[in-house]
Amino acid sequence: FVRLHTRVWIPDPDEVWRSAEIIKDYKEGDKSLQLKLEDETLYEYPVDLQGNELPFLRNPDILVGQNDLTALSYLHEPAVLHNLKVRFLESNHIYTYCGIVLVAINPYEQLPIYEQDVIYAYSGQNMGDMDPHIFAVAEEAYKQMARDEKNQSIIVSGESGAGKTVSAKYAMRFFATVGGSASETNIEAKVLASSPIMEAIGNAKTTRNDNSSRFGKYIQIGFDKRYHIIGANMRTYLLEKSRVVFQAEDERNYHIFYQLCASSSLPEFKDLGLTCAEDFFYTSQGGDTSIDGVDDADDFEKTRHAFTLLGVKESHQMTIFRIIAAILHLGNLEVQGERDGEVCNVSSEDEHLSNFCSLLGVEQGQMQHWLCHRKLVTTAETYVKSMSLSQVVNARNALAKHIYAQLFNWIVQHINKALHTTVKQHSFIGVLDIYGFETFEVNSFEQFCINYANEKLQQQFNSHVFKLEQEEYMKEGIPWTLIDFYDNQPCIDLIEAKLGILDLLDEECKVPKGTDQNWAQKLYDRHAASQHFQKPRMSNTSFIVLHFADKVEYQSEGFLEKNRDTVYEEQINILKASKYQMVADLFQEEKDAVAAAAMQKGAPRISVRSARPAFKAANKEHRKTVGHQIVKILNLYTPVNEFEERVTVAFIRNIQKQLQERNDPPQLLLDFKHTFPVLFPFNPSAITMDSIHLPASLNLDFLNKV
Ligand SMILES: Nc1ncnc2c1ncn2[C@@H]1O[C@H](COP(=O)(O)OP(=O)(O)O)[C@@H](O)[C@H]1O
Ligand SMILES: [Mg+2]
């Protein structure tokens, strides 16, 4: 039974949700609801008990505009969106809490809320006493670290372009200000200077964000006993290597390439053989090489300045730029195919070949040979085989990606060295800024990894909101009932469990004649029945994953190669013999091992290199595939503390099951499809439960009243 005048939200193709009022009592069995929209038009809303359920209820006006979403009586998608909209449009507030989670709207314009005096205003205050703000969250972390003697982490998540990196930077600025050491070391300035460098080498223009981070980053800021910053350490994850050799329409490669091209006329760079970015294959595939409002030459100066501030020597900086330039030349090599592309060669006259070799200090004849040939090792003998045109191009691209990734790691290591301190660290605050959920016209292995990471983060978010609310209930001794909890474990299982998407991918990489298409077929065979998996009707090569955030169609083409991530040992050996120490160092095995060990103790190496053809791949080899690494890395991330040990996913499932078995299933969340974790509001601000109009049709009697 839904009473006259009850206000509801109905879906709308243009406005997403529209408000309406019920103008005739509704009782069970009625085929429709009689509604009046806000513009007075009448609307009949069909209700059939199988499919179309009753619409979402609107919150009482008095609650709307709350700075904490958990204060709302009804917490579903339209309620959340409406509340955020009212706050943003009517009061220009971009921040709103949802418990201890801060929800931020990207204003896409500079608001006057980040000045130094705002930092001081938030410093030392309680979260509840001030308007929601990223500084309030940072202050809370800082305070709790000091008060409870506990390390803290701030996790920033959201879709690509949502404002994660900007938020992470503001949080770091807050710590640099309130934790300023006042000593000579200037460590805060160095922590902040790491940003322009990481953005130059790890950010790029995508169709969603002109400055999109193409890697994940976790920075730990270390404090001493007096809670002054003494150092920092950064870990990076899953650099999108494919961008080095390929950019989709309207996208760019990493900023550093364009910055260097824009500065190529500087006298110190005349040996690099660079011209403008349009002239290079690796920087021009996306079309326009410039970004509105960005001056690449200007940014280059900032990058250089930051390198200097972080103590990267001039000579090392020069080597970095030589390597960047060499990668561009590698991409412009002309590979000539003969006999239908079965045999190829690169001319010794090719100026890009000679530039590549001289910039990296390697032997040109050797490079020329091994770009087009490979060594095959069988148990009986070793022989040299010509590669086909497509193999040469693939191997060349793999080499470019590998060189870039090694350089990226080298730079991260150096930044860490500059931020390292010998002083004993008392505590730390971590800031995690990963790349956000994304879906493009064409989605490949990279999007798959990114979205998988976000799926894991969302799971964290769910258990966190759930966990804290529950802690609150327990503290207050309030009997409680969980109403609904979107559990994305089934989707995570689809991806990472045994015989899941990644496992089958690893398997297919081991099969001698494995192909992307065969793999896709295995996915169809195995997962057709999964709730989170679909086969597109019109394709035999792509597959769809129903993520928490969206349905994404992935093209299987290229997955195997990207997962194997093969670079040919012969080419690497030439680089190892470079006459430039830094170049040679980049490719030393030990270095890799050390770098990897620094990233995760006891785990296998991060950098993947298999010189052997796939048919010889030993068991050990396949365990190093990219997919396998991702599972490890992401699982490392899932912090398990005491509480989470007690409240397991199984426990949550159990509650869900119990609720489902009830004859009167809870209906506060009317729609299961909208996957916002909904909890019964534990403390609906000043309003008592009795004053909230709860229609009897919702069967909420079983809920414990607060
Ligand atoms: N708080 C903010 N105020 C003003 N502009 C912002 C803010 N957050 C983000 N932006 C704008 O949005 C763009 C994308 O933000 P970014 O943090 O790079 O997104 P993400 O890291 O989530 O992909 C930024 O370059 C900036 O122009
Ligand atoms: Mg970002």
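The chain goes by Myosin VB in an unreviewed UniProt entry, where it is assigned to Zosterops lateralis melanops. Taken directly from UniProt, the Sequence similarities (unreviewed entry) text for the chain runs: "Belongs to the TRAFAC class myosin-kinesin ATPase superfamily. Myosin family."

Q: Could you give an account of the coordination of the magnesium ion (ligand 2), naming the residues involved and the relevant values?
A: Surrounding the magnesium ion (ligand 2) are the protein donor atoms Thr-165 (OG1) and Ser-213 (OG), at 2.1 to 2.2 Å. Of this pair, Thr-165 sits in helix H4 (residues 164–178) while Ser-213 sits in strand S10 (residues 212–213); the two residues are 48 residues apart in sequence, bridging distant segments of the chain. Here the two residues Thr-165 and Ser-213 agree in accessibility, since each one is buried.

Q: Describe the state of the cysteines, and please don't skip the residues or the numbers.
A: Tallying each qualifying case throughout the model produces zero disulfides. Cysteine Cys-261 shares no disulfide, and the gap to the nearest cysteine sulfur, in Cys-276, comes to 7.4 Å. Judged by its relative accessible area of 5%, Cys-261 falls in the buried class. As a non-bridged cysteine, Cys-372 has Cys-344 as the owner of its nearest cysteine sulfur, 5.4 Å distant. Judged by relative accessible area, Cys-372 falls into the buried class, the value being 2%.

Q: How would you sum up the environment of Leu-504? Please name residues and give values.
A: Locating Leu-504 in the fold gives a position in helix H15 (residues 501–510). Each C-alpha atom of the pair Leu-504 and Lys-522 lies 7.6 Å from the other, and the pair is 18 residues apart in sequence. Sequence-distant contacts of Leu-504, defined by excluding residues within four places in its chain, comprise Leu-499, Trp-519, Lys-522, Leu-523, Arg-526 and His-527.

Q: A description of a negative patch on the surface should follow, citing residues and the corresponding values.
A: The grouping of Asp-210, Glu-249, Asp-250, Glu-278, Asp-279, Asp-288 and Asp-292 at the surface amounts to a negative patch. Relative to the assigned elements, Asp-250 resides in the loop between strand S12 (229–237) and helix H6 (255–262).

Q: How would you explain the confidence of the model for the chain if you had to name every residue and give the values?
A: Here the chain shows a mean pLDDT of 82. Residues at 70 or above account for 78%. For residues 635–656, every residue scores under 50 in pLDDT, and the model assigns this stretch 35 contacts once sequence neighbours within four places are set aside.

Q: Tell me about the site of ligand 1, residues and numbers included.
A: Around ligand 1 sit 15 residues, and of these Asn-106, Gly-161, Lys-164, Thr-165 and Val-166 come closest. Between Tyr-114 and ligand 1, the recorded distance is 2.9 Å, taken from a side-chain N or O atom to a nitrogen atom. A distance of 2.8 Å separates an oxygen atom of ligand 1 from a polar atom in the side chain of Thr-165. Expressed as a share of its isolated accessible area of 560 Å², the protein-covered part of ligand 1 is 84%. Residue composition of the shell around ligand 1, grouped by class: five nonpolar, seven polar and three charged.

Q: Tell me about the sheet that holds strand S18 (residues 533–534), and name the residues and values.
A: Read across the open sheet, the three strands follow the order S18-S19-S20; overall the sheet is antiparallel. Taken across any chain shown, the strands that pair with only one partner, and hence form the sheet edges, are S18 and strand S20 (551–555). Bridge analysis of S18 against strand S19 (residues 542–546) gives two bridges, and the strand direction is antiparallel. Its bridge partner being in S19, Phe-533 is matched across the sheet by Val-545.

Q: Can you explain the nonpolar core? Please cite residues and give values.
A: Ranked by size, the top nonpolar core spans 113 residues in total, and within it Phe-175, Ile-256, Phe-257, Ile-320, Ile-403 and Tyr-404 carry the most contacts. No other element matches the 15 residues that helix H12 (residues 389–419) contributes to this core. Non-local contacts of Ile-403, meaning those with residues more than four positions away in its chain, are made with Ile-323, Ile-327, Leu-330, Phe-356, Leu-360, Leu-575 and Phe-587. Listed in part, the 25 residues of the second largest apolar core include Tyr-452, Val-545, Val-552 and Leu-560.

About the thresholds
Residues numbered from 1 in each chain as written. Chains lettered and ligands numbered in written order. Predicted model: local features only at pLDDT ≥ 70, side-chain atom pairs only at ≥ 80, totals over all residues. Heavy atoms only, no water. UniProt positions renumbered as here; feature names shortened; annotations may be inferred. Donors = N, O, S within 2.8 Å, 3.2 Å for Na, K, Ca; no water. Helix = DSSP H or I, 4+ residues; strand = E, 2+ residues; numbered from the N terminus. Buried < 20%, exposed > 50% of the residue type's maximum accessible area, 1.4 Å probe, protein only. Disulfide = S-S within 2.5 Å. Contact = heavy atoms within 4.5 Å. Patch = residues over 30% accessible without salt bridge, like charges linked within 9 Å, V, L, I, M, F, W, Y side chains within 5 Å. Areas by Shrake-Rupley, 256 points an atom, 1.4 Å probe, with all protein chains shown as cover. Salt bridge = Lys/Arg side-chain N within 4 Å of Asp/Glu carboxyl O. Lys, Arg positive; Asp, Glu negative; His and termini not counted. Charge placed at Lys NZ, Arg CZ, Asp CG, Glu CD. pLDDT = per-residue confidence, 0-100. Near = heavy atom within 4 Å. Polar contact = N/O pair within 3.5 Å; in protein donor to acceptor, adjacent residues only side chain to side chain. Nonpolar A, V, L, I, M, F, W, Y, C, P; charged D, E, K, R; others polar. Pairing = 2+ DSSP bridges. Core = buried A, V, L, I, M, F, W, Y, C linked by side-chain atoms within 4.5 Å.

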